[in-house]
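# Architecture and fold: a report
Here's the letter readout for the chains.
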Amino acid sequence: MATTPDSAMMDKLVSLAKRRGFVFQSSEIYGGLNGCWDYGPLGVELLNNVKSQWWKAMTFREDVEGIDAAILMHPKVWEASGHVANFTDPMVDCRECKARFRADQIEESLCGNPGYKGRKASKCQAEGKFTEARQFNLMFKTFVGPVEDEGAVVYLRPETAQGIFVNFLNVQSASRQKIPFGIAQIGKAFRNEINTKNFLFRTREFEQMEMQFFVKPGTDVEWFEYWKEQRIRWFADLGITKDRLQWHRHEPEKLAHYAKDAFDIEYQFPFGWGEIEGIHNRTDFDLSRHEEFSGKSMKYFDEGSKERYTPYIIETSAGASRSFMAFLVDAYREEEAPTADGKMEMRVVMRFHRKLSPMKAAVFPLVNRDGMPEIAKKIELAIRPHFRVFYDDSGAVGRRYRRQDEIGTPYCFTVDSQTLQDQTITVRERDSMKQERLSADKVVQFLRDQFEAPEK
Ligand code: GAP
């Protein structure tokens, strides 16, 4: 495939992600497992920061409660939800090379035979090599207990949403919430995607951050607009370039079976626009179906008006892994930076929003003598209980800055000869590269002011 500036950028980012410990291929020493990725030391910090910002945005408000439901659920859940019948992709197999394609994506796919490098799958189709399209269910099936028969089938959940729907009344009565209110959950979801592609974009195991907001029918349109606005603002507030976000409205004929209206928040990835979150008006579909399949009432009794009704649900469904990837892509910059001797060089800098940065600070002794390492170690130890911090005493200080830029560390503190005289250190800010002096004993307070102060 020809290398475009965008695909070259993506290659560099994937390589940086591996080299600096953001993301590794799953089971790499065995050749990897398609569609599965591992988060390394910095990746897990970044992912946790994304999830914790979402969790705060959702549950640090009086009308949303959190839960953490089991991944394995009663198999009837997936009949009621429509996943057993509808969660399928049409699929064709090549009789010759055994490659499998989504029937609706043949045009953009390449033949699976390595001997035919670059040949279009549509050519193989035209030559009659493909089977008829069959529906392929994307849920992973497994068995509970020792007997592998139909009665023991369970599924790895393909979305976290159902764990919320079935717990609607449990949460409502335990928390004494009144409608309108929401339930939020972060957790793993699994889909046996036919074509995994574009790094973390479409994987077989991923995390979702879903919030279902239960409302009185008739107020759903208003709440739908409210949550659309909240959710796009969340991405923008965490620094995503606004021009790289757009709305995509689902055409009425393409709406999911449960939806009255649906919008995706799309991000402009190097390979094109891609959905990172869906906001759906799910009507009373989910609760009505669970009522029908379980035989248990899922209705809400409004104490005020004495009405009993099935609430409508406004869903906000974000991929944690896809959002992670959007934040990673958006942060990546190559820019000119001055060296210590006044020349210019290229630096790679991850301009993460400081709340998302996996490493918050780095501490350097300028040289490894004159008592500087001892002072620098003391500063590192003062920071460590409060913020992720990295101690680095190897190589020229300029190189150390570059290493921190590349992982997006917002602040570097350097102990130098002036420190020995007046106990001040240099603070260097990542984006502006500006340096100022700060009293060494004020470092923790300085970081608190940067990371914990409310946004202006
Ligand atoms: N409960 C609704 C639901 O699951 P969805 O549009 O299928 O809706 C929601 O998924 C979000 O989950 C997507 O916007 C995307 O961010 C993420 N997602 C879905 N499939 C994914 C996959 N195979 N790999 C990574 N993320 C995925």
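Before any of the text, the structure's been laid out above.
Residues numbered from 1 in each chain as written. Predicted model: local features only at pLDDT ≥ 70, side-chain atom pairs only at ≥ 80, totals over all residues. Heavy atoms only, no water.

This next bit is on the sheet that holds strand S23 (residues 435-439). A sheet is described by the order of its strands in space; here five strands give the open sequence S20-S19-S21-S22-S23, paired in mixed fashion. Strands at the two margins of the open sheet, each flanked by one partner only, are strand S20 (389-391) and S23. The mean inter-strand angle of the sheet, taken between neighbouring strand axes irrespective of direction, is 25°. Where strand S19 (residues 361-365) and strand S21 (residues 411-415) come together, five bridges link them in parallel fashion. Bridge pairing links Val363 to Phe413 in S21. Sitting on the sheet, helix H12 (residues 397-405) touches S19, S20, S21, strand S22 (424-429) and S23, and the angle it makes with S19 is about 170°. (Pairing = 2+ DSSP bridges. Helix = DSSP H or I, 4+ residues; strand = E, 2+ residues; numbered from the N terminus. Axes fitted to C-alpha atoms, helices over the stretch in contact; angles between N-to-C directions. Contact = heavy atoms within 4.5 Å.)

With that out of the way, let us pick up the sheet that holds strand S6 (residues 134-137). Strand order in the open sheet formed by three strands is S5-S4-S6, and the pairing between neighbours is antiparallel. Each edge of the open sheet is held by one strand with a lone partner, namely strand S5 (100-102) and S6. Taking each pair of neighbouring strands and ignoring which way they run, the sheet shows an average axis angle of 50°. Here four bridges tie strand S4 (residues 88-93) to S6, and the two strands are oriented antiparallel to one another. Within the sheet, the bridge partner assigned to Thr88 lies in S6 and is Asn137.

So, on to the site of the ligand. With respect to spatial proximity, 20 residues lie near the ligand, and among them Glu159, Arg191, Glu193, Glu210 and Glu275 are the closest. Taking Thr203, its main chain carries an N or O atom lying 2.8 Å from a nitrogen atom of the ligand. In this structure, a nitrogen atom belonging to the ligand sits 2.6 Å away from a side-chain N or O atom of Glu210. Relative to its unbound accessible surface of 550 Å², the ligand loses 92% to contact with the protein. Sorting the residues of the shell around the ligand by element identifies strand S10 (205-215), strand S13 (272-283) and strand S16 (312-319) as the ones contributing at least two each. Tallying contributions element by element places S13 first for the shell around the ligand, with six residues. Looking at the shell around the ligand, its residues break down into four nonpolar, six polar and ten charged. (Near = heavy atom within 4 Å. Polar contact = N/O pair within 3.5 Å; in protein donor to acceptor, adjacent residues only side chain to side chain. Areas by Shrake-Rupley, 256 points an atom, 1.4 Å probe, with all protein chains shown as cover. Nonpolar A, V, L, I, M, F, W, Y, C, P; charged D, E, K, R; others polar.)

Below, the discussion takes up the packing of helix H2 (residues 41-59) against helix H10 (residues 320-331). A packed helix pair is summarised by two numbers, namely the angle formed by the two axes and the spacing between the axes. H10 packs onto H2 with a crossing angle of 110° between their chain directions and a minimal axis gap of 10 Å. Classified by the angle their axes make, H2 and H10 are roughly perpendicular. Note on element contacts: H10 touches H2 through Ala320, Ser323, Phe324, Phe327 and Leu328, opposite Gly43, Leu46, Leu47, Val50 and Lys51. Looking at side-chain class alone, the contact of H2 with H10 contains seven nonpolar, two polar and one charged residues. (Parallel < 35°, antiparallel > 145°, perpendicular 65-115°, else oblique.)

To continue, consider the pattern of salt bridges. Applying the stated criterion to the full structure yields 41 salt bridges. For Asp104, the salt bridge goes to Arg102, with nearest N and O atoms at 3.0 Å. The partner of Glu452 in a salt bridge is Arg448, and the shortest N-O contact between them spans 3.6 Å. For Arg448, a relative accessible area of 30% puts it in the partly exposed group. (Salt bridge = Lys/Arg side-chain N within 4 Å of Asp/Glu carboxyl O. Buried < 20%, exposed > 50% of the residue type's maximum accessible area, 1.4 Å probe, protein only.)

A few words now on the packing of H2 against helix H8 (residues 220-237). Put simply, H2 and H8 touch, their axes get as near as 12 Å, and they point 150° apart. Read as a crossing pair, H2 and H8 show a hand that is right-handed. Of H8, the residues touching H2 (which contributes Val50, Gln53, Trp54, Ala57 and Met58) are Trp227, Arg231 and Trp234. For the contact of H2 with H8, the residue count by class is six nonpolar, one polar and one charged. (Left-handed = near helix turned anticlockwise from the far one by under 90°.)

Okay, the nonpolar core next. Counting 55 residues, the largest nonpolar core has Phe22 and Leu328 as its most contacted members. A per-element tally of this core places H10 first, with eight residues. Here Leu328 is in contact with Leu13, Phe22, Leu46, Phe199, Met350 and Phe352, once residues within four sequence places are set aside. In terms of nonpolar packing, the next biggest core, distinct from the first, is built from 21 residues, Val363, Met372, Val427 and Leu447 among them. (Core = buried A, V, L, I, M, F, W, Y, C linked by side-chain atoms within 4.5 Å.)

For Trp227, the position within the fold is in helix H8. Take Trp227: its relative accessible area is 1%, and that puts it in the buried class. Residues Trp227 and Glu45 lie 182 residues apart in sequence; the distance between their C-alpha atoms is 27 Å. Ignoring any residue separated from it by four or fewer positions in sequence, one finds Trp227 in contact with Met58, Arg61, Met211, Phe213, Ile314 and Thr316.

The next subject is unusual backbone geometry. Note that the residue after Ile179, namely Pro180, is joined by a cis bond; omega there is 10°. If you trace the backbone, Pro180 turns up in the loop between helix H7 (168-175) and strand S9 (181-190). The phi torsion at Lys306 lies on the positive side, around 60°, for a residue other than glycine. Within the secondary structure layout, Lys306 lies in the loop between strand S14 (300-302) and strand S15 (307-309).

Counted residue by residue, S19 has five buried out of five residues, so it is predominantly covered. By the alternation rule, side chains of S19 split into Ala361, Val363 and Pro365 and Ala362 and Phe364, which are all buried. Bridge count for S19 against S20 is three bridges, and the pairing is parallel. In the sheet register, Ala362 faces S20, and the bridge partner there is Phe390.

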